[in-house]
Amino acid sequence: MSQPRAPTCSGIASRSPPALLSQVRETIGARAVPPLDAADLDRIADMAFAVFEGGLALIVAAPEGPVRDAAVGELKKVMLRYLAPVFGEAPADAAVTTPPNPG
């Protein structure tokens, strides 16, 4: 018996209200150290939103429980590591949990 298919998150950015991406830009812009010019802010906000979208797809597809919880934790680490330098912070609690590929 196959597992039920999880809903897809593909294209969430295009279906989301423009206000959502605008809020992401506003939040990143308010915390950026040093302040970002408009082009950098747009690029970073778009990338952060796209990374979140991809991670959300994995989370939704994961079965509830430890697997989903781990996926949530990994997405938080990815977002923290990407945005911490923009915010002038060091990602201290973003330890690598996936061992390197030995091959």
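Rules used throughout
Residues numbered from 1 in each chain as written. Predicted model: local features only at pLDDT ≥ 70, side-chain atom pairs only at ≥ 80, totals over all residues. Heavy atoms only, no water. Helix = DSSP H or I, 4+ residues; strand = E, 2+ residues; numbered from the N terminus. Buried < 20%, exposed > 50% of the residue type's maximum accessible area, 1.4 Å probe, protein only. Areas by Shrake-Rupley, 256 points an atom, 1.4 Å probe, with all protein chains shown as cover. Salt bridge = Lys/Arg side-chain N within 4 Å of Asp/Glu carboxyl O. Phe/Tyr/Trp six-rings, centres within 6.5 Å; stacked < 30°, edge-to-face > 60°. Lys NZ or Arg CZ within 6 Å of the ring centre and 35° of its normal. Core = buried A, V, L, I, M, F, W, Y, C linked by side-chain atoms within 4.5 Å. Contact = heavy atoms within 4.5 Å. Expected span 1.5 Å × (residues − 1). Arc of directions from axis to C-beta.

1. Overview of the overall build of the protein
Then step 1. Secondary structure summary: the protein contains four helices and zero strands in total.
Then step 2. When its helices and strands are written in sequence order, the protein yields α-α-α-α.
Then step 3. Counting over 103 residues, the protein shows a buried share of 20%.
Then step 4. Of the roughly 7300 Å² of accessible surface on the protein, a fraction of 64% belongs to carbon and sulfur atoms.

2. Topic: the pattern of salt bridges
Then step 1. Under the criterion given, the structure shown has five salt bridges.
Then step 2. Across the pair R25 and D42 runs a salt bridge, and its minimum N-O distance is 3.0 Å. Here R25 is found in helix α2 (residues 18-31), whereas its partner D42 is found in helix α3 (residues 38-61), with 17 residues between them in sequence.
Then step 3. Accessibility expressed as a relative area gives 22% for R25, which makes it partly exposed.

3. Quick notes on the environment of L80
Then step 1. Secondary-structure assignment places L80 in helix α4 (residues 66-83).
Then step 2. Distance in space between the C-alpha atoms of L80 and A90 is 9.0 Å, their sequence separation being 10 residues.

4. A look at the packing of aromatic side chains
Then step 1. Enumeration over the complete set of coordinates arrives at zero aromatic pairs.
Then step 2. The ring of F87 carries the charged tip of R31 above its face, separated from the ring centre by 4.2 Å.

5. Here we look at the nonpolar core
Then step 1. Core analysis: the largest hydrophobic core is formed by 13 residues, its most contacted members being I28, I44, A48, M79, L83, V86 and F87.
Then step 2. Elements supplying a minimum of two residues to this core: α3 and α4.
Then step 3. The element that contributes the greatest number of residues to this core is α3, accounting for five residues.
Then step 4. F87 has contacts with I28, R31, A32 and V33, leaving out every residue within four places of it along the chain.

6. Some details on α4
Then step 1. Its 18 residues give α4 an end-to-end C-alpha distance of 26 Å, which sits within 8% of 26 Å, the value for a rise of 1.5 Å per residue.
Then step 2. Within the sequence span of α4, burial applies to A71, L75, M79 and L83. Across the axial projection of α4, the buried residues extend over an arc of 90°, all falling on one side. Facing away from the buried side of α4 by more than 90 degrees, the exposed set consists of P66 and D69.
Then step 3. Tucked into the core, α4 has its buried residues touching α2 and α3.

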